[in-house]
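What follows is the residue order along each chain.
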Amino acid sequence: MMRSLEHEGVKTLFGYPGGAIMPVYDALYDHRDRLNHILVRHEQGAAHAAQGFARVSGEVGVCLVTSGPGATNTITGIADAMIDSTPIVVIAGQVAAGLLGTDAFQEVDLVGVTQPISKWSYQIRRAEDVAWAVARAFYVARSGRPGPVVLDFAKNAQVGLCDYEPVGLDFIRSYDPDPETDPRAVGEAVALINEAKKPLVLVGQGVELGNAQEELRAFVEKADIPCGCTLLGLSALPSGHRLNKGMLGMHGNLGPNVKTNECDVLIAVGMRFDDRVTGKLETYAKQAKVIHLDIDPSEIGKNVAVDVPILGDCKRTLSLLTELIQKHEHTEWIDSFKSYEEKEFAQVIRPEVFPTAGPINMGEVVNAVSEATHHEAILVTDVGQNQMMACRYFKHTRYRSVVTSGGMGTMGFCLPAAIGATFGAPDRTVCAFMGDGGLQMTLQELGTVMEQQSPVKLVMMNNNYLGNVRQWQAMFFRHRYSFTPMMNPDYSQIAAAYGIGYRRVMEREDLQAGIQEMLETDGPFLLEVCVVEEGNVLPMTPPGGSVNYMMLNLDC
């Protein structure tokens, strides 16, 4: 197993030992100079750390756990990786093959549990199958639309003897990771793009997964098409690019959301038309011809009817389009975004980011950290108001700069994912934004930070609430705050216990100094910022509402 991992180029793995995986850990003891094992404090943390590592590095993240509860503790991370297309390989111990089905100690049907939430789940029952299974696992995880793979490693296979032969794999019968692109579809798309008066590009994470950022840029610049980015596609195009009109979705920017229902050609690149992006499907972009570029055939037409499907790796398909389209200028169409940008700035952004009085705002904190890092840091977020505020106001100049739980919306994701990101991109600053609720879900991973001295810059925006749920309770449940107020511990003592730098900011005039201290401190740092307790993330498309209807305040 160790030699197979090394053959796949693995250098870092995240894990937690236990009885059923002990022979593997014993072998790992002799490979410590080549395989850097990060001991997490909970198996869920191992899965999320592997995700963070994969998202920023473009490599496959690996985690190693034991059977039973050790394996089932990774389920949330596996499901998260599946819906967000993150390539990870989870290797879990299992009881010996002869004991399967006997309800042996810490036995669980991991293959049965994980088949619906993984690209491939396989049980290794013989030592002779290890090298083949690892090669197949990494090929499946990283090829095509990436995703998680689970290897359930039976104890007898761990201790069996066989000759090791390295296995290389680049083909699996009946598995087509990069479907052939139909040239007729390309021609149809080119004709639509050339004739379009109001085209709009929706940029998804598939651009980053396919390393097609430069191809996207060349395409939109030649065609002069404005873009909206999904949550996971935010750093595929620099925030300051003149054609980047901001974030799509429920809490996205006003312009790209409204213009979705005004454009005449909608070009979706590596995105899956998630319900948080589309809003009410019955009213979504009905006026537009839809072109969908995706590597996964199952996404074509799944949620939104598509006029021209273009299958294949978007690095290739974008280049095909760019070569054939005419050079355009859509000045009037692009200028039409300005009124929405000005309206959103005046009514939402200015009061959120540049307040003159009152408590500190979350958007204000995010913007200040982004400015202090010159928009070059990696953004990792938890889930909730902190996530939406961070993704709205943190800006990006570099690719692969956003790590967040999109489709699953996993609270507790941030801290372990940020740890993984520091190992996946050790040359970059990792800024992790979280709320007081999400931090406490995986608080134990501060032990991993302490042991590894992982240089994460943790920004906890403390509002003493489960903020996102509280906002919905305020808007849709008549301010009945049912179990959303939170009693918090003294985080200064927690930080001190783990030997992590700490500062609490309660007043606006202390914010810049706190951020400066955090960024100038070598190693990890926890910056607790006490923010307005009942702040709200705006704009907002109400659940079930049309994408072009966005509330700029709670009164409309």
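Up top you'll find the structure we're talking about.
(A) Molecular detail of the overall build of the protein. Looking only at helices and strands, one finds 24 helices and 18 strands in the protein. The burial tally for the protein puts 59% of its 556 residues in the buried class. A separation of at least 24 residues holds for 76% of the contacts in the protein among residues at least 6 apart in sequence. Only carbon and sulfur atoms are counted for the fraction: they give 51% of the accessible area of the protein, which is about 22000 Å². Across the protein, the mean location of the 46 positive side-chain charges is 4 Å away from that of the 66 negative side-chain charges.

(B) Looking closely at the pattern of salt bridges. Taken as a whole and judged by the stated rule, the model has 23 salt bridges. A single network of salt bridges, built from pairs that share partners, joins Arg145, Asp296, Glu299 and Lys302.

(C) Main features of the side chain of Ser370. Summarising the element assignment, Ser370 is placed in helix 17 (residues 362-372). Assessed through its relative accessible area of 0%, Ser370 is described here as buried. A polar contact of 2.7 Å, which involves the side chain of Ser370, links it to the side chain of His375. Excluding residues that lie within four positions of it along the chain, Ser370 makes contacts with His375, Tyr393, Phe394 and Lys395.

(D) Structural context of the packing of helix 17 against helix 24 (residues 511-520). Here helix 17 crosses helix 24 at 50°, and the two axes come no closer than 10 Å. The orientation of helix 17 relative to helix 24 falls into the category oblique. For the pair helix 17 and helix 24, the crossing hand works out as right-handed. Between helix 17 and helix 24, the residues in contact are Glu364, Val365, Ala368, Val369 and Ala372 and Leu511, Gln512, Ile515, Met518 and Leu519, respectively.

(E) Representation of the sheet that holds strand 6 (residues 148-154) within the structure. With parallel pairing, six strands are arranged side by side in an open sheet as 2-1-3-4-6-5. On the outer flanks of this sheet lie strand 2 (36-39) and strand 5 (120-124), each paired with one strand and no other. Taking the axes of each pair of neighbouring strands and ignoring which way they run, one obtains an average angle of 20° across the sheet. Two elements, strand 1 (residues 12-15) and strand 3 (residues 61-65), share two bridges in a ladder whose sense is parallel. Across the sheet, residue Phe14 finds its bridge partner in strand 3, namely Cys63. Together, strand 4 (88-94) and strand 6 form the strand contacts of helix 5 (residues 75-83), whose direction differs from that of strand 6 by roughly 145°.

(F) Region of interest: the packing of aromatic side chains. Taken as a whole, this structure holds 12 aromatic pairs when the rule is applied. Centre to centre, the rings of Trp333 and Phe337 are 5.5 Å apart; their planes meet at 75°, and the pair counts as edge-to-face. Neither residue differs from the other here; Trp333 and Phe337 are each classed as buried. Within the aromatic cluster, the residues linked to one another by ring pairs are Phe14, Phe53 and Phe423. Note that Arg32 overlies the ring of Tyr29, its terminal NZ or CZ placed 3.7 Å from the centroid. Looking at Arg136, its charged tip hangs above the ring of Trp120, at a distance of 4.8 Å from the centre.

(G) Structural view of the nonpolar core. Grouped together as the largest cluster of nonpolar side chains are 76 residues, with contacts concentrated most on Val201, Phe219, Ile267, Ile291 and Phe433. By residue number, the principal contributor to this core is helix 9 (residues 183-195), which donates six residues. With 30 residues, the next largest nonpolar core counts Trp120, Phe138, Ala141 and Phe153 among its residues.

(H) Quick look at unusual backbone geometry. In this structure, Pro539 follows Leu538 across a cis peptide bond, with omega equal to 0°. Even without glycine at this site, Ser85 takes up a positive phi of about 55°. Not every positive phi belongs to a glycine, and Asn211 is a case in point at roughly 50°. Mapped onto the elements, Asn211 comes out in the loop between helix 10 (206-209) and helix 11 (213-223). Judged by relative accessible area, Asn211 falls into the partly exposed class, the value being 43%.

(I) Structural context of the packing of helix 3 (residues 43-57) against helix 19 (residues 414-424). It is the contact of helix 3 with helix 19, at a shortest axis distance of 6 Å, that shows an interaxial angle of 45°. Taken together, the axes of helix 3 and helix 19 are oblique relative to one another. With respect to the hand of their crossing, helix 3 and helix 19 are arranged in right-handed fashion. Touching Gly45, His48, Ala49, Gly52, Phe53, Val56 and Ser57 of helix 3 are Pro416, Ala417, Gly420, Ala421, Phe423 and Gly424, all from helix 19. A per-class count over the contact of helix 3 with helix 19 returns seven nonpolar, six polar and no charged.

(J) Quick look at empty space enclosed by the protein. Scanning the model with the defined rule gives one cavity of 30 Å³ or more in all. The wall of the largest cavity is formed by Arg55, Gln205, Glu208, Leu209, Leu232, Arg400 and Val402. Residue composition of the lining of the largest cavity, grouped by class: three nonpolar, one polar and three charged.

The rules behind these values
Numbers given for residues are sequential positions, taken from 1 along each chain in its written order. Whole-chain, interface and lining totals are the exception, using all residues; otherwise, since this is a predicted model, local features are given only for residues with pLDDT of at least 70 and side-chain atom pairs are given and counted only at 80 or more. Heavy atoms throughout the structure, all of them, feed into the side-chain values; hydrogens and water do not. Strands are runs of DSSP state E lasting at least 2 residues, helices are runs of H or I lasting at least 4, and numbering of each runs from the N terminus. A simple rule labels every residue: compare its accessible area, found with a 1.4 Å probe on the protein chains alone, to the largest value its type can have, and call it buried under 20%, exposed over 50%, or partly exposed in between. Contacts were defined at the residue level, with two residues in contact if any of their heavy atoms lie within 4.5 Å. Residue burial considers only the protein chains on display, and all accessible areas are found by Shrake-Rupley using a 1.4 Å probe. Neither His nor the chain termini are counted; the positive set is Lys and Arg, and the negative set is Asp and Glu. To locate a charge, the coordinates of NZ of Lys, CZ of Arg, CG of Asp or CD of Glu are taken. We define a salt bridge as a side-chain nitrogen of Lys or Arg found within 4 Å of a carboxyl oxygen belonging to Asp or Glu. Think of a polar contact as two N or O atoms within 3.5 Å of one another; within protein, one of them needs to be a possible hydrogen donor and the other a possible acceptor, and neighboring residues in sequence only count if both atoms come from side chains. The axes used here are C-alpha line fits, helices contributing only the stretch in contact, and every angle between their N-to-C directions lies in the interval 0 to 180 degrees. An angle below 35 degrees is read as roughly parallel, one above 145 as roughly antiparallel, one from 65 to 115 as roughly perpendicular, and any other as oblique. Left-handed describes a crossing whose near helix is turned anticlockwise from the far helix by less than a right angle; the clockwise case is right-handed. DSSP bridges decide pairing: two strands pair if at least two such bridges lie between them. When two rings of Phe, Tyr or Trp (its six-membered ring) have centres within 6.5 Å they constitute a pair, described as stacked for plane angles under 30 degrees, edge-to-face for angles over 60, and tilted for the intermediate range. Cation placement over rings: the criterion is NZ of Lys or CZ of Arg within 6 Å of the ring centroid and within 35° of the ring normal. Among the buried residues, those of types Ala, Val, Leu, Ile, Met, Phe, Trp, Tyr and Cys that are joined through side-chain atoms within 4.5 Å form a nonpolar core. As a working rule, the residues Ala, Val, Leu, Ile, Met, Phe, Trp, Tyr, Cys and Pro are called nonpolar, Asp, Glu, Lys and Arg charged, and the rest polar, with Gly in that last group. With a 1 Å grid laid over protein atoms only, a set of points is called a cavity when a 1.4 Å probe fits there but cannot get out and a pocket when it is open yet has protein on both sides within 12 Å along at least five of seven lines; lining residues have an atom within 4 Å of a point. Grid points are joined across faces, edges and corners, and a volume is the space filled by probe spheres set on the points.

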